[in-house]
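# Fold and contact review
Each chain, written out:
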Amino acid sequence: MYPKREGISGLGPERLSLSVSYGDAGKTTHLIVVISETCGQVGSRFLLAGRRASLYDHVQLKDEVVMTQVDSPKKDFLQSAYRTHTCGELRNSNADNSVTLSGWVMRKRDHGGVVFVDLRDHYGVTQVVFHGALGVEMENVRPESVIMVQGVVHLRGAGLENPKLQTGQIEVHATKLSILSHSELLPFQVAEDDNAPEPQRLKYRFLELRREKLHAHIAMRNRVVKTIREVMDELGFAEFHTPILTSSSPEGARDFIVPSRLHPGKFYALPQAPQQFKQLLMIAGFDRYFQIAPCFRDEDARADRSPGEFYQIDMELSFVEQEDVLRINERMMYEVFKRCSDWKIGEPPFPRFSFAEAMNQFGTDKPDLRNALRIMDVSEVFGASEFRVFREALSSGGTIRAIAVPVESLPSRKYFDDTIEYFSKLDREEPALGLGYIAIEGDAVKGSISKFVSPDQLQALRDLIAKRVSSADAAHRGPMVVFFAAGQSSRILPALGKLRNKLGADLTQLAKEEWRFCWVTDFPFYVRDEDTGGVAFNHNPFSLPQGGMESLLNTPPLEILAHQYDFVLHGYELASGGLRNYQPELMFKAFELTGYSKEMVEEKFGGMIRAFTFGAPPHGGIAHGVERIVMLLCGEEAIREVIAFPLAQNGEDLLMGAPSGASEKQLREAHIQLRPSAKV
């Protein structure tokens, strides 16, 4: 068998990476085995043929000797006067041993004078049995109280084992009980999910964190971050920390500002990202930087975004082109997901789509590749169509797009009606979005626009579908539904992207237990500013425009592309980055097109501009969202499920009572005077 030890329930086995050195002393071979724990599957097999180690058992497997761990190097550090073992540790081999356990009373069952308690700690659950006077004493102990138990390990009787517990084949018969801490009446159940209101759960978050699922998520987060650090070290990166109190910069969200006591009327800003500092580290010659960086943005919450603060895997690299950054990050994320998950993952390189390709095929720059459906341009097929909607769309410079969906059987008429209504409400513009469809089964064709599709157009459509769909769908010989939308690409593609997600969930089988990553590249450098009518940066303002100064001088701004890229998984943007603009004149010109004068740029980014004048290497970087990575690995859809102490939707910390008012003394020291309407 391979080296392994059982991990926390629900997280999968830990991976043991063994570094082995040995030397002969006479006839005796000594092995020093250093074990480092990460999460995920065992990744390597160490061939130690003919070698033995007294501290480890061994199993002969053909010509290999594979070591199996007997004892954990950490065990001695977990023992104390309160416990000889953890609540997830005892096994059959511990039968008849005297042990001491400490933990929380998770569940309690009274079986007529015999009290059974599920005792829980960070490592697992053990059943403890109390008889006689100890049982009577235990009857008065509330759930979630903390107790210490001394007792003897017994094997459970035949048929009484609990396969759901790692310790399910044994139980501890208590001989002594100590109440370490009593619990008050609980505001909600901890052992079971009783659907308590969210404000109440956040106020008592420390109780909710005791629940098995949430507790496992936070433990997984630790393992993911630990693995990230190990992989980044393997890839040659060094971890550096950057300042928290800094200056404001235009990064797309509102800043959190901090008043300065020493400089009246001036404010620090908490970093939305360590953007300037990581570029300065490249200019300082550190070559490969990363950190698990806290970031602060005053923006509204949503399912995949926490209000206020979040963490990102921030990195920057010197002397790189775009493909170098993509290749290194592919390897990093491949290793993290491979080590922290049992799901299938393909070897890099991962698929790459330009922004234009992603929008045309998926209707979004965050495609979910588990969904095999694609958006197709069928304008040529219906170029001579007599259907008024198609004809008017093409004559006004629009387009006709379609999504073909192979199905086992045709949906009901109600499903089509509901889908058309859903599509019509995907934006608020007038006129409402229209959706047509045809259903093909054998030679029969029906649907809302079937009478407008000629036999020649139908055959051309079949031929186009055969070329564009996946190989599996191309082999499909059953019924097929094709949905159509016509209009301006900028309007119908995002709507079709949402429809694609719905159809994929409703009518097809998404790929199961498989990670499907992709890159989206070549984003527009600028976008239209809806408020001013001018142009604004689309992504990071420090990114390098493709074509350099030539593009900024001679290409319409909205046609300029950037060396910017996003890393996407299952419809989520996991990371965003770009090559950096490291030439002052190029940066001045890029900002000028958005309305920033040279003086304004120097005022905002003077430190970095000065650094560029003293020799800056070509460099680029990226930042991955830690919470989103952990959220996906844990199979969650809400990011707060992987944050130990999240804020409420409105940005309040209900546990600590923040934000809160400030005392007159604090306000005076910060040189702040509140208006009457703002006083708390």
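Okay, so let's go over this structure.

The rules behind the values
- Note that residues are indexed from 1 along each chain, following the sequence as it is written.
- A pLDDT threshold of at least 70 governs which residues receive local features in this predicted model, and a stricter bar of 80 or more applies before side-chain atom pairs are shown or counted, although totals over entire chains, interfaces and linings include all residues.
- With hydrogens and water set aside, each side-chain value is computed from the structure's full complement of heavy atoms.
- Strands are runs of DSSP state E lasting at least 2 residues, helices are runs of H or I lasting at least 4, and numbering of each runs from the N terminus.
- With a 1.4 Å probe rolled over the protein chains alone, any residue whose accessible area is under 20% of its type maximum counts as buried; one over 50% counts as exposed, and the rest are partly exposed.
- Two residues form a contact once any of their heavy atoms are found within 4.5 Å.
- With residues, only the protein chains shown are counted as cover, and all accessible areas are computed by Shrake-Rupley using a 1.4 Å probe.
- Here, any two strands with at least 2 DSSP bridges between them count as paired.
- An axis is simply a line fitted to the C-alpha atoms; with a helix, the fit covers only the stretch in contact. Between two such axes, the angle follows the N-to-C directions and lies from 0 to 180 degrees.
- Orientation categories follow fixed angle ranges, with anything under 35 degrees roughly parallel, anything over 145 roughly antiparallel, 65 to 115 roughly perpendicular, and all other angles oblique.
- Should the near helix be turned anticlockwise from the far one by less than a right angle, the crossing is left-handed, and should it be turned clockwise, the crossing is right-handed.
- Under the scheme applied, nonpolar residues are Ala, Val, Leu, Ile, Met, Phe, Trp, Tyr, Cys and Pro; charged residues are Asp, Glu, Lys and Arg; polar residues are all the others, including Gly.
- Nonpolar cores were defined as sets of buried Ala, Val, Leu, Ile, Met, Phe, Trp, Tyr and Cys residues, with membership established by side-chain atoms within 4.5 Å.
- Each Phe, Tyr or Trp ring, with Trp reduced to its six-membered ring, pairs with another whose centre is within 6.5 Å; inter-plane angles below 30 degrees give stacked pairs, above 60 give edge-to-face pairs, and intermediate values give tilted ones.
- Residue count minus one, scaled by 1.5 Å, sets the expected span of a helix.

### A closer look at the overall build of the chain
Assigned secondary structure in the chain consists of 18 helices and 28 strands. Split into buried and exposed, the 680 residues of the chain put 46% on the buried side. Looking at the chain alone, contacts between residues at least 24 apart form 66% of all its contacts between residues at least 6 apart. Counting every atom, the chain has about 34800 Å² of accessible surface; 51% of that belongs to carbon and sulfur.

### A short note on the sheet that holds strand β21 (residues 480-487)
In spatial order, the strands read β17-β18-β21-β19-β20; together these five strands make up an open sheet with antiparallel pairing. The open sheet is flanked by β17 (375-377) and β20 (444-446), the only strands paired with a single partner. Shown here is a sheet whose adjacent strand axes are inclined to one another by a mean of 25 degrees, direction ignored. The pairing of strand β19 (residues 436-441) with β21 spans five bridges and is classified as antiparallel. Bridged to Gly436 within β21 is Phe484.

### Here's the deal with the packing of helix α5 (residues 212-234) against helix α7 (residues 322-340)
Geometry of a packed helix pair, given as the angle between the helix axes and the separation of the axes. Orientation of α5 relative to α7, taken along the N-to-C sense of each, is 140 degrees, at an axis distance of 9 Å. Judged by the angle between their axes, α5 and α7 are oblique. Crossing geometry of α5 relative to α7 is assigned as right-handed. Residue-level inspection shows Met220, Arg223, Val224, Thr227, Ile228, Glu230, Val231, Met232 and Glu234 of α5 in contact with α7, the latter providing Met332, Glu335, Val336, Arg339 and Cys340. Class assignment of the residues belonging to the contact of α5 with α7 gives a composition of eight nonpolar, one polar and five charged.

### Some thoughts on the side chain of Lys589
With respect to the helices and strands, the residue Lys589 is situated in helix α15 (residues 584-592). In this structure Lys589 comes out as buried when scored by relative accessible area, which is 18%. Residue contacts for Lys589: discarding those within four places in its chain leaves Tyr526, Met549, Leu552 and Leu553.

### Comments concerning the nonpolar core
Nonpolar side chains in soluble globular proteins tend to be buried together. With 67 residues, the main nonpolar core has Val224, Met315, Phe337, Phe517 and Leu574 as its most contacted residues. Per-element accounting of this core gives the leading share, nine residues, to α7. Not counting residues within four places of it along the chain, the set of residues in contact with Met315 comprises Met232, Phe237, Lys278, Tyr289, Phe290, Asn329, Met332, Gly621, Ile622 and His624. Counting 23 residues, the second largest nonpolar core, distinct from the first, contains Tyr415, Phe416, Leu435 and Leu496.

### Quick look at the packing of aromatic side chains
Scanning the entire structure with this criterion turns up 29 aromatic pairs. Judged by centre distance (5.0 Å) and plane angle (75 degrees), the ring pair of Phe337 and Trp515 falls under edge-to-face. On the criterion of sequence distance, the pair formed by Phe337 in helix α7 and Trp515 in strand β22 (residues 514-515) is long-range, its members being 178 residues apart. The exposure class of Phe337 is buried, given its relative accessible area of 0%. The exposure class assigned to Trp515 is buried, which follows from its relative accessible area of 4%. Arranged with centres 6.4 Å apart and planes meeting at 55 degrees, the rings of Phe542 and Phe591 form a pair that is tilted. A residue pair is termed long-range when its members are at least 10 positions apart, and Phe542 in the loop between β25 (535-537) and α14 (548-554) and Phe591 in helix α15 qualify at 49 residues. Each member of the aromatic cluster is reached from another via a ring pair, and the members are Phe337, Trp343, Phe350, Trp515, Phe517, Trp519, Tyr565 and Phe567.

### Some remarks on the pairing of strand β28 (residues 619-625)
Taken across its seven residues, β28 has seven buried, putting it largely inside the fold. Bridging between strand β14 (residues 308-318) and β28 involves seven bridges; their strand directions are antiparallel. Its bridge partner lying in β28, Ile313 is registered against His624. Note: strand β27 (residues 572-579) against β28, five bridges, orientation antiparallel. Looking across to β28, one finds that Gly578 is bridged to Gly621.

### A few points about α7
Compared with the 27 Å implied by 1.5 Å per residue over 19 residues, the 27 Å span of α7 between its first and last C-alpha is a close match. Counting buried positions along α7 yields 14 of 19 residues, so the element is predominantly enclosed.

### Considering the environment of Ala432
Mapped onto the elements, Ala432 comes out in the loop between α10 (413-424) and β19. Residues Ala432 and Glu421, spaced 11 residues apart in sequence, show a C-alpha to C-alpha distance of 9.9 Å. Those residues in contact with Ala432 that lie beyond four places of it in its chain are Ser424 and Arg491.

### Structural notes on α5
When the terminal C-alpha atoms of α5 are compared, their 33 Å separation across 23 residues agrees well with the 33 Å that a helix rising 1.5 Å per residue should span. Two residues or fewer after α5 comes Gly236, characterised by a positive phi angle close to 90 degrees.

### Considering the pairing of strand β7 (residues 124-130)
Within β7, seven of the seven residues are buried, which leaves the element mostly enclosed by the surrounding structure. Burial of the side chains of β7 extends over both faces: Gly124, Thr126, Val128 and Phe130 are buried on one face and Val125, Gln127 and Val129 on the other. In this antiparallel pair of consecutive strands, strand β6 (residues 115-121) and β7, the connection spans two residues. Summarising the sheet, β7 and strand β9 (residues 170-181) pair through two bridges and their orientation is parallel. Looking at β9, one finds that Val128 is bridged to Val172.

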